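For reference, the chains in residue letters:
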Amino acid sequence: MQLETLRPQESTRDIFKMIASHEQIVFCNDPASGLQAIIAIHDTTLGPALGGTRMYPYKTVDDALVDVLRLSEGMTYKCAATDIDFGGGKGVIIGDPNQDKTPAMFRAYGQFVDSLNGRFYTGTDMGTTMDDFVHAAKETPFINGLPEVYGGGGDSSIPTAKGVIYGLEATNMFLYGTKDFVGRTYAIQGLGKVGFKVAKHLLKTGANIYVTDIYEETVARLQEQTKDLPGVVYAVEKDAIYDVAADVFVPCAMGGVLNDETINRLNVKAVVGSANNQLQAKAQADQLDKKGILYAPDYIVNAGGLIQVADELYGPNPERVMAKTESIYDAVLAIYDTARRKGITTNEAADMNCQQRIKEQQARNNFFTRGRSPKWTIKS
Ligand code: NAD
C-alpha cells in the first residue's frame, strides 16, 4: 500500500481534534442486531470510566458523537466531585427507544462493553431501562444499576433524594447557621421519584412547601399522604413556581430551568435541587451570584444515585450507600466556602475542586494502573 493512502484525511484529523480531551472513543457496529453505538471514555485518572448509556434517535452520527463527548466529560466531573474512584464515560445508542430496541441489541452492546475489560461500566440513562441492561449483563459483568433481584442496588432515587436533603441542610447552615427546616419555605418543581421524597421529608421536619407538577394528581396525592404532618403544602401553577417567595427553589424536574427569564423572576435565597443541567449556560451562574442567590451545583447535590451505582460494584449495601451520601453535606458547604473566600461562583468552585482532585491523582498515577476496574484488580 502506498504511504500516501495511509495518511489521515482532513476529516480524520478533525475527529482527533474533536476528541482531544478524551482518552478513547469506541464505535460499536453490529449489523445483525442493528446496533450502532458510541462509547466515549473521557478520563480514567480516578478509576474506570462510569456512566449510563442513552438511547436516542440522533439525526446524524455527528450529533451522537457530540452528545457522548459532552456527557462523558460531565461524568468525569460528577465522579470527581463525590468520594468515589471512577472516571468519566458514557454510551449512546443511535435509535428510537420506542421502536428499535431489542434484547439482541443489548446483548451485542454488552459484548462491546465487555471488550473494554473493565475500563467502562454502564447502566441506564434516558431511553434505556434496567431490563435492557439485564440483557447486556448476560454478556459482561461491567453493568451497574440492575434491579435488586439481579444483584443490583434498586431504586437510585432514594439516595438521590437524601443527597438533596443534605444539600438543603448545608445551605441552611451556610445561610442561617443551623440545619433546621422548621418554618422555612421551599418551592419544589417536579414531584417525581426524587421531588416527592424531598417534599415529604421537608413536611415532616416542619417546613412549608409550594409545589408544582404537570400531573395535578401527584400534588393531590402528596397532600393526601402528608395531611397529618406539621408542614403545609401549597399547590401552584406550573409556571408560577418561579415567582414564589421562598427560602429555596428546589428544581426536581427538567434541565435548563435557570435561564435569563427565570432567574429574573426568582424570589429565593438559594437554588438546591436534583435536576440535571439546571443552568442553561455557565453564564447563568454569574447571574445568580449577582442577584445574591446561592447556587448548589446540581452535579454535587444529585450525586446520591451515582454513589449508589458505583458502590454496587462491591455488592449492594444500602447502609453503606447512605453513609457515603452524607458526604454531600460537607461537599456543598465546602463549595460555598471556597466560592466566598475566592470571590468566584459556586459553579467555578465545584469545577475547580474536581480539577484539583484529578490533578493530584495524576501526579500519583502511572499508565498501568489507570482505568482498571475494582473487579479486575481483585482477580489479578
Ligand atoms: P421523574 O421523571 O420521576 O420526575 C420528574 C417529575 O417532574 C415528574 O413528576 C414530572 O411530571 C415533573 N415535571 C416535568 N416537567 C415539569 C414541569 N415543567 N413543571 C413541573 N413538573 C414537571 O424524575 P426523577 O427521577 O424524580 O428525577 C428528577 C430530576 O433529577 C431529573 O432531572 C433527573 O435527571 C434528575 N436526577 C435524578 C436521579 C435519580 O436517581 N432519579 C439522579 C440524578 C439526577
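How each quantity is defined
- Residues numbered from 1 in each chain as written.
- Predicted model: local features only at pLDDT ≥ 70, side-chain atom pairs only at ≥ 80, totals over all residues.
- Heavy atoms only, no water.
- Pairing = 2+ DSSP bridges.
- Helix = DSSP H or I, 4+ residues; strand = E, 2+ residues; numbered from the N terminus.
- Disulfide = S-S within 2.5 Å.
- Contact = heavy atoms within 4.5 Å.
- Near = heavy atom within 4 Å.
- Polar contact = N/O pair within 3.5 Å; in protein donor to acceptor, adjacent residues only side chain to side chain.
- Areas by Shrake-Rupley, 256 points an atom, 1.4 Å probe, with all protein chains shown as cover.
- Nonpolar A, V, L, I, M, F, W, Y, C, P; charged D, E, K, R; others polar.
- Core = buried A, V, L, I, M, F, W, Y, C linked by side-chain atoms within 4.5 Å.
- Buried < 20%, exposed > 50% of the residue type's maximum accessible area, 1.4 Å probe, protein only.
- Right-handed = clockwise from strand over helix to strand, strands pointing away.

**Q** Any chance you could explain the sheet that holds strand β11 (residues 270-271) here in plain terms?
**A** Strand pairing in a sheet is mediated by backbone hydrogen bonds. Such pairs are either parallel or antiparallel. Pairing is parallel in the open sheet, where six strands are placed in the order β9-β8-β7-β10-β11-β12. Each edge of the sheet is formed by a strand with only one pairing partner; in this case those strands are β9 (233-235) and β12 (294-295). Across four bridges, strand β7 (residues 185-189) lies against strand β10 (residues 248-251) in parallel orientation. Across the sheet, residue Gln189 finds its bridge partner in β10, namely Pro251.

**Q** Whenever I open this one, the state of the cysteines confuses me. Can you help?
**A** Overall, the coordinates contain zero disulfides when judged by the stated rule. Cys354 takes part in no disulfide bond, and the closest cysteine sulfur, belonging to Cys79, lies 9.6 Å away.

**Q** Looking at this model, I keep getting lost on the environment of Asp125. Mind explaining?
**A** Tracing the chain through its elements places Asp125 in the loop between β6 (120-121) and α5 (130-136). Sequence spacing of Asp125 and Thr53 is 72 residues, and the spatial spacing of their C-alpha atoms is 5.3 Å. Sequence-distant contacts of Asp125, defined by excluding residues within four places in its chain, comprise Gly52, Thr53, Arg54 and Lys90.

**Q** Quick question: what am I supposed to make of the site of the ligand here?
**A** Around the ligand sit 21 residues in total, of which Thr160, Val194, Asp213, Ala253 and Ser274 are the nearest. Here Thr160 contributes a side-chain N or O atom positioned 2.8 Å from an oxygen atom of the ligand. Within the side chain of Ser274, an N or O atom sits 2.8 Å from an oxygen atom of the ligand. If the ligand stood free it would expose 830 Å²; the protein chains cover 76% of that surface. Contributing elements (two or more residues each) for the shell around the ligand: α6 (157-176) and α7 (193-204). Residue composition of the shell around the ligand, by class: eight nonpolar, 10 polar and three charged.

**Q** I would appreciate a short explanation of the nonpolar core in the present structure.
**A** Generally speaking, soluble globular proteins have nonpolar side chains that are buried together. Counting 49 residues, the largest nonpolar core has Leu168, Tyr186, Leu202, Ile209, Leu222 and Val250 as the members making the most contacts within it. Once residues within four sequence positions are removed from consideration, Val250 is found in contact with Val164, Leu168, Tyr186, Ala187, Ile188, Gln189, Val198, Val272 and Gly273.

**Q** Would you explain unusual backbone geometry in this entry?
**A** Leaving glycine aside, a negative phi is the common case for residues, and trans is the common case for peptide bonds. With a phi angle near 55 degrees, Asn117 is a residue other than glycine that sits in the positive phi range. Looking at where Asn117 falls in the secondary structure, it is placed in the loop between α4 (103-115) and β6. Judged by relative accessible area, Asn117 falls into the partly exposed class, the value being 42%. The backbone of Asn277 sits at a positive phi, close to 50 degrees, despite the residue not being glycine. Tracing the chain through its elements places Asn277 in the loop between β11 and α10 (283-290).

**Q** Just checking my understanding: could you explain the pairing of strand β5 (residues 87-94) for this structure?
**A** Regular strands show a simple pattern: their side chains alternate between the two faces of the sheet. Of all eight residues making up β5, eight are buried, and the element is well covered by its neighbours. Judged from the six bridges that link them, strand β2 (residues 35-43) and β5 form a sheet pairing that is antiparallel. Bridged to Ile41 within β5 is Gly89. Pairing of strand β3 (residues 49-50) with β5, which is carried by two bridges, proceeds in the parallel orientation. Within β5, the residue paired with Ala49 across the bridge is Gly87. Taken together, the four bridges between strand β4 (residues 53-56) and β5 define a ladder with parallel strand orientation. Residue pairing for β5: Tyr56 is matched across the bridge by Ile94. In this fold, β4 hands off to helix α3 (residues 61-81), which returns the chain to β5; that crossover is right-handed.

The values reported here are purely geometric and, on their own, carry no functional implication.
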